[in-house]
Amino acid sequence: MGHTSLEKIISLQRNPANIRNLCILAHVDHGKTTLADCLVASNGIISSRLAGKLRYLDSREDEQLRGITMKSSAISLHYSHGDQEYLLNLIDSPGHVDFSSEVSTAVRLCDGAVVVVDAVEGVCPQTQVVLRQAWLENIRPVLVINKIDRLVVELKLTSQEAYTHLKKILEQVNAVTGTLFTSKVLEERAGKEEEEKEGEKSSGDQVYDWSAGLEEVDDSHLYFSPDQGNVVFASAIDGWGFSIRHFAHIYSERMGIKEEVLLKTLWGDFYLSMKAKRIMKGAQVTQLGGLFVFTFFSLSPRPGRIQPHVGIKQEARPSDPASADLICLTLRCNVGRVVCLDFVLLLKQLAVCLTLFLHSWCFPAFLQCSSEEDAPVIVFVSKMFAVDAKALPQHRQRPLTQEEIAERREQARRRHADRMAAESHREPSHSESPEEEEEAKETFVAFARVYSGVVRKGQRVFVLGPKYDPAQSLSTVSPPLGCSASDDVSEIPHLSRCSMENLYLLMGRELEELQEVPAGNVLGIGGLEEFVLKSATLSTSPACPPFTPLNFEATPIVRVAIEPKHPSEMPKLVRGMRLLNQADPCAEVLIQETGEHVLVTAGEVHLQRCLDDLRERFAKIEISASEPIIPFRETVVRPPKVDMVNEELGKQQKVAIIHQVKEASQGRSSDTLHLDSSGLVTLTTPNRLATVGVRAIPLPQEATRLLESSSEVIRTLEQVNMSLREGKSLDISVRSLEAISDLKAQLESLLQGRKWRNAVERIWAFGPRRYGPNILLNSVEGYQRPSVWQCLSRGDKASEATALRDFDNSVVSGFQLAALSGPMCEEPLMGVCFSVERWDVQSAAPPQRQDSVEEDSTRHEATPESNVEGSSETSARVEGAAAGQSHARRRPEVAASSDCYGPVSGQLIAAVKEACRHAFQAQPQRLMAAMYTCEIMATADVLGRVYGVLGKREGRVLHEEMKEGTDMFTIKAVLPVAESFGFADEIRKRTSGLASPQLVFSHWEVISSDPYWVPTTEEEYLHFGEKADSENQALKYMNAVRRRKGLYVEEKIVEHAEKQRTLGKNK
Amino acid sequence: MSIFTPTNQIRLTNVAVVRMKKGGKRFEIACYKNKVMSWRSGAEKDLDEVLQTHSVFVNVSKGQVAKKDDLTKAFGTDDLTEICKQILAKGELQVSDKERQTQLETMFRDIATIVAEKCVNPETKRPYTVSLIERAMKDIHYSVKPNKSTKQQALEVIRQLKESMEIQRAHMRLRLVLPAKEAKRLKEKLKPLLQVVESEDFDEELEMVCLVDPGCFREIDELIRCETRGRGSLEVLSLKDVEEGDEKL
């Protein structure tokens, strides 16, 4: 077949009845791209000799290098069968699990799929996935059993064995389809039962009646079977393939048996009785299928190899002379034609399957796939892909005739002028810089399909986001359908307007420019990058409901932090990441609070591709990817009752802890610090004027959780308090007041018992940053300060009597600083309650003590609270600064009281902070790790391996259950974030891809081991030895964080003194 | 006295000498390299892993052991282990290569951590990561001075980094309340110190919310305190003006 011209394709595009959109799906390395090559070769785009070697649709450099497909790419092909001419829009998809998002985007645009299965390897994990995807998107698959030659060449099977083998593969594939079918039926039934319980009449599915259950549903049409004509046998690399139909045709001529009969009997338990010239049932030895297989095997010269192209070249050296002519006849058609043929026969009606996504009331035109001039345009964009601007047809050079050149020149001049004009329009928004131009080399082309109407170049359309609701816009825009795309639509959410600047015909790595595209075609649209992020629906009518978003099989889980090699290139990186986000349907990028730029990808290979893309196309800078920073929290727990070997503990453990703290505090001025055995820390400021006593108490877990989840409420509460203190009245909504009183009530119910009596009323502050999950408790005798809940009892005059003491704010600031960075590894605290039990100020200026209560209320209006918020600074410098400012607002005599130690308030902040830290250390300290919940879908046979990987990474399985109707298990587990790096990759490797995890952050969990633990009791010595060198998880984490932050790590530089290199360097 | 010829010259390898002068005499002990610092910090608890031998020398390289009389005179005891511990704790020594390396590395990290905490990217108002700062510090060839505090050096680093990348001290958000009388005059003086004035409210008093560089805080504080004689006030709304929460691109 010769090269098909563009004009031919354009003319074919006009007849939707003869358009076939199909994609090729399979497990990695089963021969998708090779098959695509054969089809491409049949159109004369590449030589048929090169088919299978060239991998025409793998246009990326790394695709060619690695030999795997990484993106889906489309090509339009022409095919004629009989007197009918067809247009095939073929989409090749990647098989690697990391790129299954690309498969989703491809499947969405198609009506049919070619599922390729390797004849030797059979059904592989990705085969199951793509079958499921095809099932979910409701498209018709055709099975191609590829690499048939391997059965002979590698496995050396006889024809009968090969036949059994192929039958087995068919059964496997059908089993997968069957599972999908049954699970759907069961789901439907479950749904139905629920509905019935609710007493509603369910409309159910229009096509099938599910209600009676599995056995009554006809599913035979779903299965692959050669006699149904949806199975093709092929060897794509050699370029041949056939379905049973071809043989039926040939045999019927030779044997005089009807073709229809043969079609039904050629594959199955039948044999040919030569005597009777009839086909008999129940063959055991020589089945017809065997004969069928035998026929194409007999192609091979006896001893072994099937020569490439032997069939097509017609000159095989058939060992069986009798069948020689048969074979020649058969194999004249190459694989491309066979596959096409099957499609043409199967997909009688275009676009029917996609009705699921659109409400049919809206557009009958959609169902008819109408290309009428007045039909509304509906286009679905499934992904955006980046194209080098040089590859666009506008910029490509090609040989032309003289007139054409002249014409082109004229056009080009005009286009150039247009572009210049467009650019000059755009100029104000873009700053003109050389970088900008550099970036412009990447243009985004939308990968889309027209479902209705005719798309024209330059047409204005609405862009409908996935969440767009037509009802909403119809109510605002009137009249509903008369609204044209040129109206202003800025006020409607998820709706914008754009014009399609360029339309392209996708021809693999090349693009051909088009003027208009009728319905039913796959096309590329240029000029949408500012309007469409990843996917969208385009329509000329705002009444069109958007397509449902794509369902991805793989969710992104591999997280890395990305940094430019040169810090000054940060803006380039950010821009590059933005582009990447748009170009890749499955990559996510985000900037974290720590300033990290995090890239989340579906797997390691995907990650590698994203990094390459960033380096070479989008950012064009050197970048480095590293493990993201893992956050921890610090907390205290109740003293344990048993030791590490589960022996009952007496007093000794407590003593040991206190001893340890004392050791730690040695070297500081221990005369100002006092620690009593109950954990109360008393600290005096350096000028000996103020003394604070603080005790750290672990909060109950539920209370911590409550505080963490209601940080928003606490923030509002804090704002209200601030404004109250300033004497202003802030209006707060009734709802937030309710939320606050709710929170209070819940806290009260959680903090019960003798220890917590009246604790909620006495809350002084929350921290860190004033809304964290730690509490400062006012247990100072005789100090009545206004409650944090005062906004609840507004107008209650009783609260007026209590007022703030001087330096109240310094205490809060000290607490905030202490809560922000704990003593273990300077990470924020969580779930700790600091109870201030003593606070004496022996000031040189007596009026500042408690007796200043009366004047306080008046003064505090003038001197509002200082607010040390959002601070992560622990330096003395800042404390000094903070001190300075509060100091500045004191009355002159306070200022006079400052001495060589600096202002009193500053000293108090430092003192409170230190006291909190010591009080914290006086309790058994623990590290808290962020945890992921991890949902794993796995088949029964890899369950053990999944458990192995989870166990190795400190994961804990919460529950597992079998999914009804399938052999898949759903395992729910928790896994520390710290252990999650490389987890997805490992679990995939260990289970050969049969288990796919999903990670979502869930909660903070206390790591049960004590990072400071050393053996203390006799039993522990016996069990762990003196050094306790069995691995301590908490210590490992703590030291990693300390090392990262440049804090001191108690570690020997050299473990064994004698084992150092003892020679000088020059010896 | 031994004669030092190349053949019988014994090189002391894997030996770190700790010296101490006491009672007019010099005492030395022979230790393993890279171990003395660990002992001093408390990470190493086994004395035998630190000391080559429990004897005290006058000169380690010559192998001259200190006399017992001198020891008792200087230390008041003749318990060699006890004396060794004293010398270990207080003596001077040449810091070994690995010890120095780890010390500098730790300081370098510490400086980078402080810089990362104090600074933001002015475009996004988000902090830089520590590893990025570390790389930037290496790019400008910053060398750590072991005898200066890390905080001082961090401020120095920020100044130097400003030349090569977009970096800025995180601003403080302040609220200034100035009495009406002096407001105009003071405002002129304050103007060069304020980076951004977010809001300005002039009725009875001038109330301003503004962002300032933390380095200017003392100056502003001083100015307001002196000029208004305690009538104006200054309040820190936040120490660090940074974006919070994660952002999706």
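Residue indices follow the written sequence of each chain, beginning from 1 at its first position. Working convention: letters from A go to chains and numbers from 1 go to ligands, in the order in which they are written. With the structure being a predicted model, the display of local features is reserved for residues of pLDDT at least 70 and the display and counting of side-chain atom pairs for 80 or more, all residues being used for whole-chain, interface and lining totals. Here the side-chain values reflect all heavy atoms present in the structure, with hydrogen atoms and water set aside.

1. Here's the deal with the overall build of chain A
Runs of H or I in DSSP of at least four residues are treated as helices and runs of E of at least two as strands, each being numbered from the N terminus. Broken down by element type, chain A carries 32 helices and 34 strands. Every one of the 1067 residues in chain A was classed for burial, and the buried ones make up 55%. Across chain A, the fraction of contacts at a sequence separation of at least 24, relative to all contacts at a separation of at least 6, is 75%. In this description, accessible areas are obtained by the Shrake-Rupley approach with a 1.4 Å probe, and a residue is regarded as covered only by the protein chains that are shown. Per element, the accessible surface of chain A, about 47700 Å² overall, is 51% carbon and sulfur. Note on exposure labels: buried denotes an accessible area under 20% of the residue type's maximum, exposed denotes more than 50%, and partly exposed covers the range between, all computed with a 1.4 Å probe on protein chains only. Contact definition: two residues touch when any of their heavy atoms are within 4.5 Å.

2. A short note on the overall build of chain B
A count of helices and strands for chain B gives eight helices and twelve strands. Residues classed as buried in chain B amount to 47% of the 249 residues present. Long-range pairs, those at least 24 residues apart, make up 64% of the contacts in chain B with a sequence separation of at least 6.

3. Describing the nonpolar core
Take the buried Ala, Val, Leu, Ile, Met, Phe, Trp, Tyr and Cys residues and link them wherever side-chain atoms come within 4.5 Å; each set so joined is a nonpolar core. Judged by nonpolar contacts, the single largest core of 168 residues is most densely connected at Ile525(A), Leu599(A), Phe834(A), Trp839(A), Ile936(A) and Val115(B). The residues touching Leu599(A), leaving out its near neighbours within four places in the chain, are Val558(A), Arg559(A), Val560(A), Ile562(A), Met577(A), Leu580(A), Ala587(A), Glu588(A), Val589(A), Leu607(A), Cys610(A) and Leu611(A). One finds Ala113(A), Ala134(A), Val522(A) and Cys544(A) within the second-largest nonpolar core, a separate group that totals 29 residues.

4. Here's the deal with the domain arrangement of chain B
The domain limits used here are those given by an automatic or database domain assignment. For chain B, the assigned domains are domain 1 (16–94), domain 2 (97–168) and domain 3 (171–238). Between the C-alpha centres of domain 1 of chain B and domain 2 of chain B the distance comes to 37 Å.

5. With respect to a positive patch on the surface
All names here are of chain A. For patches, a residue must show more than 30% relative accessible area and have no salt bridge; joins then use 9 Å for like charges and 5 Å for nonpolar side chains, namely Val, Leu, Ile, Met, Phe, Trp and Tyr. Think of a salt bridge as a Lys or Arg side-chain nitrogen and an Asp or Glu carboxyl oxygen that are within 4 Å of each other. Charged residues are defined narrowly, with Lys and Arg counted positive, Asp and Glu counted negative, and His plus the chain ends left uncounted. One atom stands in for each charge, and that atom is NZ of Lys, CZ of Arg, CG of Asp or CD of Glu. On the surface, Arg638, Arg754, Lys755 and Arg757 cluster together into a positively charged patch. Examined against the element boundaries, Arg757 turns out to sit in the loop between α22 (734–750) and β28 (763–767). The class for Arg757 is exposed, based on a relative accessible area of 59%.

6. As for the sheet that holds strand β29 (residues 774–778) of chain A
All names here are of chain A. Strands are labelled as partners when DSSP assigns at least two bridges between them. The sheet built from six strands is open, its strands ordered β25-β26-β27-β30-β29-β28 with mixed pairing. In this open sheet, the two strands that pair with only one neighbour each are β25 (673–675) and β28. For this sheet, the mean inter-axis angle between neighbouring strands, taken without regard to orientation, is 20 degrees. As paired elements, β29 and strand β30 (residues 832–841) share four bridges and run parallel to each other. By the bridge assignment for β30, Leu777 is matched with Ser835. Fitted lines through C-alpha atoms serve as axes, helices being fitted only where they are in contact, and the angles separating the N-to-C directions of these axes extend from 0 to 180 degrees. The sheet contacts of helix α24 (residues 808–820) involve β28, β29 and β30, and relative to β28 the element is tilted by about 35 degrees.

7. Here we look at the confidence of the model for chain A
Residue and element names in this part refer to chain A. Values of pLDDT, which run from 0 to 100, indicate the predictor's confidence residue by residue. Within chain A, residue pLDDT values average 71, and 67% of them lie at 70 or more. Per-residue pLDDT stays below 50 along residues 340–367; that stretch engages in 73 contacts with residues further than four places along the chain or on separate chains. The low-confidence segment residues 845–898 (pLDDT under 50) makes 112 contacts with residues lying over four places distant or belonging to another chain.

8. Notes on the UniProt feature "domain: Ribosome maturation protein SDO1/SBDS N-terminal" (unreviewed entry) in chain B
When the UniProt feature table is mapped to this numbering, "domain: Ribosome maturation protein SDO1/SBDS N-terminal" (unreviewed entry) covers residues 14–101 of chain B. Taken as a whole, residues 14–101 of chain B contains 34% helix and 26% strand, while its terminal C-alpha atoms sit 17 Å from one another. UniProt positions are given in the numbering used here, feature names are shortened, and annotations may be inferred rather than shown by experiment.

9. Regarding the packing of aromatic side chains
Residues and elements named next belong to chain A. Pairing of aromatic rings covers Phe, Tyr and Trp, the last counted by its six-membered ring, and requires centre-to-centre distances within 6.5 Å; plane angles under 30 degrees mean stacked, over 60 mean edge-to-face, and any other angle means tilted. A complete count under the given rule lists eight aromatic pairs over all chains for this structure. Where Phe632 meets Tyr1037, the ring centres are 5.2 Å apart and the plane angle is 35 degrees; that geometry is what we call tilted. Pair noted here: Phe632 is in strand β24 (residues 632–636) and Tyr1037 is in helix α32 (residues 1033–1045), with a separation of 405 residues, a long-range link. Note on accessibility: Phe632 and Tyr1037 belong to one class, buried. Here Phe815 and Phe834 contribute two aromatic rings whose centre-to-centre distance is 6.1 Å and whose plane-to-plane angle is 75 degrees, an arrangement assigned as edge-to-face. Within this pair, whereas Phe815 is found in helix α24, its partner Phe834 is found in strand β30, the two being separated by 19 residues in sequence. For a Lys NZ or an Arg CZ to count as sitting over a ring, it must be within 6 Å of the ring centre and within 35 degrees of the ring normal. The ring of Phe447 carries the charged tip of Lys383 above its face, separated from the ring centre by 5.3 Å.

10. As for the pairing of strand β11 (residues 442–452) of chain A
Residues and elements named next belong to chain A. Burial runs high along β11: ten of the eleven residues are buried. Bridge count for β11 against strand β18 (residues 522–526) is five bridges, and the pairing is antiparallel. Bridge pairing in β18 places Ala446 opposite Ile525.

11. Section: the side chain of Thr635(A)
Residue placement: Thr635(A) occurs in strand β24. Once residues lying within four places of it in the same chain are set aside, the contact partners of Thr635(A) are Met830(A), Gly831(A), Val832(A), Phe920(A), Pro924(A), Gln925(A), Arg926(A), Met928(A) and Val1006(A).

12. Notes on a negative patch on the surface
Residue and element names in this part refer to chain B. Taken together, the side chains of Asp201, Asp203, Glu204 and Glu205 present a region of like negative charge at the surface. Looking at the secondary structure, you find Glu205 in strand β10 (residues 205–212). Here Glu205 falls in the partly exposed class, since its relative accessible area comes to 39%.

13. Quick look at the environment of Asn581(A)
Residue position: Asn581(A) is located in helix α17 (residues 570–583). Once the C-alpha coordinates of Asn581(A) and Lys534(A) are considered, the two residues, 47 residues apart in sequence, prove to be 8.0 Å apart.

14. Digging into the side chain of Lys383(A)
Residues and elements named next belong to chain A. In this structure, Lys383 sits in strand β10 (residues 378–388). Here a polar contact is taken to be a pair of N or O atoms separated by no more than 3.5 Å, where protein atoms must pair a possible hydrogen donor with a possible acceptor and residues adjacent in sequence count only if both atoms sit in side chains. Side-chain polar atoms of Lys383 contact the side chain of Glu102, separated by 2.8 Å. Every residue in contact with Lys383, bar those within four places of it in the chain, is listed here: Lys71, Ser72, Glu102, Thr105, Val445, Ala446, Phe447 and Lys534.

15. Some details on the pattern of salt bridges
Residue and element names in this part refer to chain A. All told, the structure shown has 31 salt bridges over all chains when counted by the stated rule. Two residues, Lys457 and Glu513, come together in a salt bridge whose shortest N-O distance is 3.1 Å. Residue Lys457 is found in the loop between β12 (454–456) and β13 (460–464), and its partner Glu513 is found in strand β16 (residues 510–514); the two are separated by 56 residues along the sequence. Since its relative accessible area comes to 31%, Lys457 is described here as partly exposed. Between Asp840 and Arg838 there is a salt bridge; the shortest N-O distance is 2.9 Å. What makes Asp840 partly exposed here is its relative accessible area of 25%. Here the salt bridges share partners, and the residues they tie into one network are Arg60, Asp62, Asp584, Arg609 and Asp613.

16. Some points on the packing of helix α29 (residues 943–952) of chain A against helix α30 (residues 983–990) of chain A
Residues and elements named next belong to chain A. At a minimum axis distance of 9 Å, the contact between α29 and α30 shows a crossing angle of 150 degrees. Comparing their axes, α30 and α29 come out roughly antiparallel. The interaxial crossing formed by α29 with α30 has right-handed handedness. Of the residues in α30, those in contact with Arg945, Val946, Val949, Leu950 and Lys952 of α29 are Phe983, Glu986, Ile987 and Arg990. Of the residues belonging to the contact of α29 with α30, the class tally is five nonpolar, no polar and four charged. Angles are sorted into four bins: roughly parallel if under 35 degrees, roughly antiparallel if over 145, roughly perpendicular if 65 to 115, and oblique for all others. The handedness criterion is simple: a crossing whose near helix is rotated anticlockwise from the far helix by less than a right angle is left-handed, and one whose near helix is rotated clockwise is right-handed. Residues are grouped as follows: Ala, Val, Leu, Ile, Met, Phe, Trp, Tyr, Cys and Pro are nonpolar; Asp, Glu, Lys and Arg are charged; every other residue, Gly included, is polar.

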